Amino acid sequence: MTDDAVPELRASDADRERVAEVLRDALAEGRLDMEEFEERLEATYKARTYTELTPITRDLPTGGAVAPAPVSFTKEPVESGSWAGQVVGGEGSSTGAVAVLSGFQRKGRWTVPKKFTAFAFWGGGEIDLREADFADREVHINCVAIMGGMQVTVPPGVEVVVRGVGIMGGFEHPRGDERAEPGAPRVVIGGFAFWGGVGVERKVTRAERQRLKEQRRQERLDRRERRRLGE
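About the cut-offs
- Residues numbered from 1 in each chain as written.
- Predicted model: local features only at pLDDT ≥ 70, side-chain atom pairs only at ≥ 80, totals over all residues.
- Heavy atoms only, no water.
- Pairing = 2+ DSSP bridges.
- Helix = DSSP H or I, 4+ residues; strand = E, 2+ residues; numbered from the N terminus.
- Phe/Tyr/Trp six-rings, centres within 6.5 Å; stacked < 30°, edge-to-face > 60°.
- Axes fitted to C-alpha atoms, helices over the stretch in contact; angles between N-to-C directions.
- Parallel < 35°, antiparallel > 145°, perpendicular 65-115°, else oblique.
- Contact = heavy atoms within 4.5 Å.
- Nonpolar A, V, L, I, M, F, W, Y, C, P; charged D, E, K, R; others polar.

Caption draft 1: Just the sheet that holds strand β2 (residues 103–106), in detail. With parallel pairing, 5 strands are arranged side by side in an open sheet as β2-β5-β8-β13-β11. The open sheet is flanked by β2 and β11 (170–171), the only strands paired with a single partner. The pairing of strand β5 (residues 124–128) with strand β8 (residues 149–154) spans 5 bridges and is parallel. Across the sheet, residue Asp-128 finds its bridge partner in β8, namely Thr-153.

Caption draft 2: How the structure looks around the packing of aromatic side chains. Enumeration over the complete set of coordinates arrives at 3 aromatic pairs. On the basis of an interplanar angle of 5° and a centroid distance of 5.8 Å, the ring pair of Phe-121 and Trp-122 is categorised as stacked.

Caption draft 3: Just the packing of helix α1 (residues 13–28) against helix α2 (residues 34–46), in detail. Viewed as axis vectors pointing N to C, α1 and α2 meet at an angle of 175°, and their least axial separation amounts to 10 Å. In terms of axis orientation, α1 runs roughly antiparallel to α2. Residues Arg-16, Glu-17, Val-19, Ala-20, Leu-23, Arg-24 and Leu-27 of α1 pack against Met-34, Phe-37, Arg-40, Leu-41, Thr-44 and Tyr-45 of α2. A per-class count over the contact of α1 with α2 returns 8 nonpolar, 1 polar and 4 charged.

Geometry only, nothing functional implied.
Here you go:
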């Protein structure tokens, strides 16, 4: 589709996220350096129309003109909308946490700031983002664990990047290569671990586990009923 075909059609959050995903793939493949990636990403989130989005990925393999979402993307606005209410802006309800011979928790309903710093010395901490709101689409969590440990829990669908350094310790990457959902925030986890560790895992909330359990139970009952009626 040419630029003239959609001259001033407004782009959605899902459209911007698709472009951002192309840019992240290009960065990982070495097609863009960090400076150019950041410039293009900033332009992506500032874009308001397809005409503004189109040039951003035109020279990339999966780029080209950005057109209105085809039928195969009909689910994306719903997924994007589910995250839209959790990227709330503002300063965040807590900018850091410290545990010295003790522990800390950040869990439940709280707002993750753009930058959150956690420090543990002979102690531990829990940073749970499953019910959290986010001050920005990309947040940075800096963990320093010295002879201690921390656990970061994120919900499914959130993009996670782990950049921490461990000396006689380590940073654990979440299991699986899960693609980010449209509109979901990006969580960058960095820092330093010495004789300690930082674990990162994806996990649904207890309420969601219960919902899925009930859904599977109902599906089993439905199958039994269909088999009964078919006899």
